[in-house]
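Per-entry structural report
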Amino acid sequence: MSETENMIVLEAVEKVYPGSTAPAVERLDMTIPKGEIVMLIGPSGCGKTTTLKMVNRLIEPTSGRIILDGEDVTDVNGDLLRRKIGYVIQQGGLFPHFSIADNIGVVPKMLGWDKNKIRERADELLHLVGLEPSTYRDRYPRQLSGGQQQRVGVARALAADPPVMLMDEPFGAIDPITRDRLQDEFLEIQRTVGKTICFVTHDLQEAVKLGDRIAVFATGGRLAQYDDPDTVLTHPADDFVSDFVGGGAAVRRLSLLELSRLELHPVETDVAAVGNQNGTPVAEVDGAGRPVSWRHLPDRDAAGTALVTVPLSGTVYDAVDVMLDGSASLVAVVDDEGLPQGVLHWNDLVAGLKTRERER
Amino acid sequence: MNVFQYFAENSTQIINLTIQHAQFVFYCVAIGSIISIAIGLLVSTGEPNPNRFSFDWWATGIREGSLLITAAVLTIPSLALFVLFLPITGLGVTTAIIVLTIYTLYTVLRNTVAGLTAVDRSVLESARGLGYGRVRRLLTIQLPLAWPVILNGIRVTTLISISIAVVASIVQGPGLGKLLLTGITRIGASNAFPQVLIGTVMCLVVAAFFEIIFAIVQRLTIPRGIRV
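Calculation criteria
- Residues numbered from 1 in each chain as written.
- Chains lettered and ligands numbered in written order.
- Predicted model: local features only at pLDDT ≥ 70, side-chain atom pairs only at ≥ 80, totals over all residues.
- UniProt positions renumbered as here; feature names shortened; annotations may be inferred.
- Helix = DSSP H or I, 4+ residues; strand = E, 2+ residues; numbered from the N terminus.
- Buried ≥ 20, exposed ≤ 12 C-beta atoms within 10 Å, placed from the backbone.
- Contact = placed C-beta atoms within 7 Å.
- Core = buried A, V, L, I, M, F, W, Y, C linked by C-beta atoms within 7 Å.
- Domains from an automatic or database assignment.
- Axes fitted to C-alpha atoms, helices over the stretch in contact; angles between N-to-C directions.
- Parallel < 35°, antiparallel > 145°, perpendicular 65-115°, else oblique.
- Left-handed = near helix turned anticlockwise from the far one by under 90°.
- Nonpolar A, V, L, I, M, F, W, Y, C, P; charged D, E, K, R; others polar.
- Pairing = 2+ DSSP bridges.
- Right-handed = clockwise from strand over helix to strand, strands pointing away.
- Expected span 1.5 Å × (residues − 1).
- Bend = angle between axes of the 7 residues up to and from the residue.

In the nomenclature of an unreviewed UniProt entry, chain B is known as ABC transporter permease of Actinomycetospora endophytica. Quoted verbatim from the Sequence similarities (unreviewed entry) heading of the UniProt record, the comment on chain B is "Belongs to the binding-protein-dependent transport system permease family."

**Notes on the overall build of chain B**
Counting its regular elements, chain B contains nine helices and zero strands. Beginning at the N terminus, the succession of helices and strands in chain B can be written as α-α-α-α-α-α-α-α-α. Among the 228 residues that make up chain B, the fraction classed as buried is 40%. A sequence separation of at least 24 residues applies to 76% of the contacts in chain B between residues at least 6 apart.

**What to know about the environment of Val217 of chain B**
Residue and element names in this part refer to chain B. For Val217, the location among the structural elements is in helix α9 (residues 192-221). Taking the number of C-beta atoms within 10 Å as the measure of exposure, Val217 has 14 and is therefore partly exposed. A sequence separation of 66 residues divides Val217 from Leu151, and the C-alpha atoms of the two residues are 8.9 Å apart.

**Observations concerning the nonpolar core**
One finds Met39, Leu40, Cys198 and Phe199 of chain A to be the most contacted residues of the largest nonpolar core, which totals 147 residues. A total of twelve residues in this core trace back to one element, the largest contributor, which is helix α5 (residues 93-117) of chain B. Each of two domains, domain 1 (3-258) and domain 2 (261-351) of chain A, supplies a minimum of three residues to this core. Once you skip the residues sitting within four places of it in the chain, Leu40 of chain A turns out to touch Lys48, Thr51, Leu52, Cys198, Phe199, Val200, Ala215 and Phe217 of chain A.

**Topic: the UniProt feature "transmembrane region" (unreviewed entry) in chain B**
Within this numbering scheme, the UniProt entry marks residues 24-44, 91-109, 145-172 and 192-217 of chain B as carrying the feature "transmembrane region" (unreviewed entry). The span residues 91-109 of chain B carries 89% helix and 0% strand; its end-to-end C-alpha distance comes to 28 Å.

**A few points about the packing of helix α1 (residues 3-42) of chain B against α5 of chain B**
All names here are of chain B. Where α1 contacts α5, the two axes come as close as 7 Å, and the packing angle between them is 40 degrees. Relative to α5, the element α1 lies oblique. Crossing angle aside, the handedness with which α1 passes α5 is right-handed. Residues Phe24, Tyr27, Cys28, Val29, Ile31, Gly32, Ser33, Ile35, Ser36, Ile37, Ile39 and Gly40 of α1 form the contact with α5, whose own contacting residues are Ala96, Ile97, Leu100, Thr101, Thr104, Leu105, Val108, Leu109, Thr112, Val113 and Leu116. Partitioning the contact of α1 with α5 into residue classes produces 16 nonpolar, seven polar and no charged.

**So, the sheet that holds strand β6 (residues 85-89) of chain A**
All names here are of chain A. One open sheet accounts for six strands, arranged β6-β7-β8-β3-β9-β10; its pairing is mixed. In the strand order of this sheet, the two ends are held by β6 and β10 (222-227), each with one partner. Here the strands of the sheet are splayed against their neighbours by 15 degrees on average, with no regard to which way each runs. Direction of pairing for β6 relative to strand β7 (residues 164-168): parallel, over a ladder of five bridges. Counterpart to Val88 in the pairing with β7 is Met167. Sheet contacts for helix α7 (residues 146-158): β6 and β7; angle to β6, the most-contacted strand, approximately 165 degrees.

**Looking at the pairing of strand β14 (residues 330-334) of chain A**
Residues and elements named next belong to chain A. Within β14, five of the five residues are buried, leaving the element largely enclosed by the surrounding structure. Covered by surrounding structure in β14 are Leu330, Ala332 and Val334 together with Val331 and Val333, the residues of both alternating faces. Alignment of strand β13 (residues 309-311) against β14, held across three bridges, turns out to be parallel. Its bridge partner lying in β14, Thr309 is registered against Ala332. Traced from β13 through helix α13 (residues 316-325) to β14, the parallel crossover comes out right-handed. Judged from the five bridges that link them, β14 and strand β15 (residues 340-345) form a sheet pairing that is antiparallel. By the bridge assignment for β15, Ala332 is matched with Val343. Joining the antiparallel neighbours β14 and β15 is a turn of five residues, in which Gly338 adopts a positive phi near 90 degrees.

**Overview of the domain arrangement of chain A**
Residues and elements named next belong to chain A. Under the domain assignment, chain A is made up of domain 1 (3-258) and domain 2 (261-351). Look at where the C-alpha atoms of domain 1 and domain 2 centre, and you get two points 37 Å apart. Residue classes in the side of domain 1 that touches domain 2 are distributed as three nonpolar, one polar and one charged.

**Observations concerning α5 of chain B**
All names here are of chain B. With 25 residues, α5 extends 36 Å between its outermost C-alpha atoms, agreeing within 8% with the 36 Å of an ideal straight helix rising 1.5 Å per residue. Helix geometry: α5 is bent most strongly at Leu105, by close to 30 degrees. Among the 25 residues that make up α5, 20 are buried, leaving the element largely enclosed by the rest of the structure.

**Here's the deal with the interface of chain A and chain B**
Contact with chain A, which involves 24 residues of that partner, is made by 19 residues of chain B. Here the side of chain A that touches chain B takes four residues from helix α2 (residues 78-83) of chain A, the largest share from any one element. Split by residue class, the side of chain A that touches chain B holds 14 nonpolar, five polar and five charged.

**Digging into the pairing of β10 of chain A**
All names here are of chain A. By the bridge criterion, five bridges tie strand β9 (residues 213-218) to β10 in an arrangement that is antiparallel. Each residue of the ladder has a partner; that of Ala218, found in β10, is Arg222. Connecting β9 to the antiparallel partner β10 that follows it, the hairpin turn spans three residues, and Gly220 within it adopts a positive phi of roughly 95 degrees.

**Thoughts on the sheet that holds strand β5 (residues 71-72) of chain A**
Residues and elements named next belong to chain A. Overall, antiparallel pairing links the four strands, which are arranged β2-β1-β4-β5 in an open sheet. Each edge of the open sheet is held by one strand with a lone partner, namely β2 (25-33) and β5. Bridge count for strand β1 (residues 6-15) against β2 is six bridges, and the pairing is antiparallel. Across the sheet, Val13 pairs through a bridge with Leu28, a residue of β2. Its contacts with the sheet put helix α1 (residues 48-55) on β1, β2 and β4 (63-68), and the angle it makes with β1 is roughly 120 degrees.

**Quick notes on the packing of α1 of chain B against α9 of chain B**
All names here are of chain B. Where α1 contacts α9, the two axes come as close as 9 Å, and the packing angle between them is 40 degrees. When the axes of α1 and α9 are compared, the pair comes out oblique. α9 is crossed by α1, and the crossing has right-handed handedness. The residues of α9 that touch α1, namely those facing Val3, Tyr6, Phe7, Ile14, Thr18, His21, Ala22 and Val25, are Pro194, Leu197, Ile198, Met202, Val205, Val206 and Phe209. Across the contact of α1 with α9, the residue classes tally to 13 nonpolar, two polar and no charged.

Below is the structure:
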């Protein structure tokens, strides 16, 4: 991989806090490619947050170099550097005495943007994070719910369109249902903006769901494994990682893998496709296009197999559950409207689940 | 002579003394607040950053030291402190202003420090993360957020100062003390009681005046997002 394709490069970065002999982060080499989401995960005190904060030099490394988009930023002015890097923290950290629009505009204002341009940008970003500008721009943070504040926090970090975003457990203090929604929206936003994102979490599920790669940190600030989510789950690099990922990782992986990330088998709804020889199952649909029963299944008696469905937003675990429950060896995956998007076979579980690249 | 008669006959003098009293308190509180807020800001710039141990130690030292000294001063009886300054600054307005200003320091300093340190850590951290430098953070984030607490300190110190200012008349300071002290020293004489009563009531009038001013200032200067 050439130098320019790596957005963040950490070279032998180490952090030893004053008054302590053991490093908080031990000689770390890490490369984050442009446009990827890297999840930093590990137990408390493993150095994941310290690592994140060394990227924008909120914490100065004791030794080593930090290279951002090909430029060595180890010794540049920290405040100026941080204006070029988005930063989101757990409680949102919005300024309570600034209106929502002013909160979003803080970095553009420091960069000397024109007032009108700042206002337009705030409206644009409120739209992006799903808050109606006319309703929210003049409100104050305390008038917003935790989830809404966190969205504004993300909008503020995006304001000056920085290539890199650092997120320190941004959804950590949010209730599980809202968190799930925010995660989905976050991926949606990332599809539009394509930032290079460094994301600290302590939630393995979140790491697998959001991450293109996962960096597992071990106690003592050691980077134990840096791989894509599947590899971390199925091939832990050492005992620490396999302990961290937990027992029964193969089964756990099922509940961590979302169906939307899988390469599914095609499904037909057209009567003309009945009897096809390429192995594509054909479903009978109702007036709204929702599958109700199987017309044709390759190598099987269609009438003897119940048609069961699972939503695309579910996990492989949900699909297995539905198949066991309905004594079916295949399941139709449907979208929010109930339209069939593909099929998952029981055999796929054993043969190995194919994940697809996330759309960019 | 009854109270109303006395007031009617001396109204010009009484009103002048009342205005003088209010001005005297205003100047001392203003000077004292500027000094206290300046000290408070200087010692609160410590970064929440473990790299900067030395600066934090220095700032903490000054902060605790100045709080200790101003608190100690507050326990000295005001009568004594006015007299103790006589050999240095002599009789008159200078001594009165210096001593009353000293009394205003503690409350404002204490509230400034408390207000600045009570600002939510996550707010300061995100400010730093977005590229706010130390001074910008202090002036545009910490100070406005601490302002309600600081303003309250100024208000309390103003009320305390109104009564301490009375004592200043023993060093020939300005204000209602002249009226009150004359009355007190001549208690039993014909005009003594009206003088004491009117002096007291006028102190209350000054206090009410400042309360109204503070309510307006509060309304105008506390940012909308943090108004209670």
